[in-house]
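Summary of structural features
The residues making up each chain are set out below.
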Amino acid sequence: MDLLKQAIREKGNVLSENVLKVDTFLNHQIDTKLMGDVGKEFARLFKSAGITKVLTIESSGIAPSFMAATELDVPLIFARKKKSLTMTDNVYSSQVYSFTKQETNEITVSKDFLKAGDQVLIIDDFLANGQAALGLIDIVHQANAHVSGLGIVIEKSFQDGRKRLEKCGIRVESLARVKSLENGNVTFVDDFVSINL
Ligand code: G4P
């Protein structure tokens, strides 16, 4: 998605060979117009998948997921990393370990909102090692619902997430695939696609 790649190039900040800071439009301040376009693109990619729910994880997954769910005209559910005051024990839960942050979160979703037979599109802001996505997939399976696909705003293709998820048979659609963050530069997987005439 060109507008997204342009935003990453112009506004992203490479913090290290592993971490890309995008808090001017995705992780802190949100570019609502860009998120609208992100939502439309996810909806276009998954429009024939019969999606009944969009599922994400708080907090940075919520903005792109909200726009996608609006476009698909289905409810959005976000998994919580901390149980809310009003949440009972009527929940699905899964453990998510973050290699980046070196911490484990128990993520939860109320059983009231995810139902057997739901066709679920999982959306997240970043795909690194795929642990958050695997936790969300686990929750969808606990509900006897179906994972129709995974929509990612920024994939770090030099990490293992996509490989791990595709091995589980999951359709992964990433709007920007970062090949490398070496030498302070962002390069994308499709920067080097050559056309053989
Ligand atoms: P994984 O789920 O794919 O295995 O990813 P990982 O544990 O490495 O990521 C943990 C958190 O760090 C996630 O956010 C993820 O979005 C974020 N993250 C991973 N790599 C990057 C990166 O290069 N840049 C930025 N900006 N974030 C990255 P989180 O803890 O859930 O935060 P939030 O959603 O509450 O903002």
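Our subject is the structure listed above.
Attention here is on the structure that accompanies the text.

Thresholds applied
Residues numbered from 1 in each chain as written. Predicted model: local features only at pLDDT ≥ 70, side-chain atom pairs only at ≥ 80, totals over all residues. Heavy atoms only, no water. Buried < 20%, exposed > 50% of the residue type's maximum accessible area, 1.4 Å probe, protein only. Helix = DSSP H or I, 4+ residues; strand = E, 2+ residues; numbered from the N terminus. Arc of directions from axis to C-beta. Contact = heavy atoms within 4.5 Å. Near = heavy atom within 4 Å. Polar contact = N/O pair within 3.5 Å; in protein donor to acceptor, adjacent residues only side chain to side chain. Nonpolar A, V, L, I, M, F, W, Y, C, P; charged D, E, K, R; others polar. Lys, Arg positive; Asp, Glu negative; His and termini not counted. Salt bridge = Lys/Arg side-chain N within 4 Å of Asp/Glu carboxyl O. Axes fitted to C-alpha atoms, helices over the stretch in contact; angles between N-to-C directions. Parallel < 35°, antiparallel > 145°, perpendicular 65-115°, else oblique. Left-handed = near helix turned anticlockwise from the far one by under 90°. Expected span 1.5 Å × (residues − 1).

Of the residues making up helix H1 (residues 2-11), those classed as buried are Leu-4, Lys-5, Ala-7 and Ile-8. Across the axial projection of H1, the buried residues extend over an arc of 160°, all falling on one side. Residues Asp-2 and Glu-10 are exposed on H1 and point more than 90 degrees away from its buried face. Where H1 is buried, its residues meet strand E2 (20-21), helix H2 (32-46), strand E8 (146-156), strand E9 (172-180) and strand E10 (187-188).

The environment of the ligand is made up of 21 residues, and the closest members are Leu-20, Ser-60, Lys-81, Thr-100 and Lys-101. Within the contact set of the ligand, an oxygen atom lies 2.6 Å away from a side-chain nitrogen or oxygen of Lys-81. The side chain of Lys-156 places a nitrogen or oxygen atom 2.7 Å from a nitrogen atom of the ligand. When contributions to the shell around the ligand are tallied by element, the ones reaching two or more residues are strand E7 (119-127) and helix H4 (131-142). The leading source of residues in the shell around the ligand is E7, at 3 residues. Each residue belonging to the shell around the ligand can be placed in one class, and the counts come to 7 nonpolar, 9 polar and 5 charged.

Right, let's talk about the side chain of Asp-124 for a bit. Positionally, Asp-124 belongs in strand E7. For Asp-124, which is buried and forms no salt bridge, the nearest opposite charge comes from Lys-81, at a distance of 7.6 Å. If near-sequence neighbours (up to four positions away) are discounted, Asp-124 is found in contact with Thr-56, Ile-57, Gly-61, Ala-132, Gly-151, Ile-152 and Val-153.

This part takes up the packing of H2 against helix H3 (residues 62-72). Running from N to C, H2 and H3 cross one another at 55°; their axes reach a closest spacing of 7 Å. Overall, the two elements H2 and H3 adopt an arrangement that is oblique. Crossing geometry of H2 relative to H3 is assigned as right-handed. Residues Thr-32, Met-35, Gly-36, Val-38, Gly-39, Lys-40, Phe-42, Ala-43 and Phe-46 of H2 pack against Ala-63, Pro-64, Met-67, Ala-68, Glu-71 and Leu-72 of H3. Of the residues contributing to the contact of H2 with H3, the split by class is 10 nonpolar, 3 polar and 2 charged.

The subject of this paragraph is H2. Helix length check: H2, at 15 residues, gives a terminal C-alpha distance of 21 Å against a target of 21 Å (1.5 Å per residue), a fit within 8%. Counted residue by residue, H2 has 11 buried out of 15 residues, so it is predominantly covered. Taken as a whole, H2 has its buried residues at Leu-34, Met-35, Gly-36, Asp-37, Val-38, Gly-39, Glu-41, Phe-42, Ala-43, Leu-45 and Phe-46. Buried residues along H2 sit against H1, H3, E7, E8 and E9. With a side-chain oxygen positioned 3.1 Å from the backbone nitrogen of Lys-33, the residue opening H2 is Asp-31.

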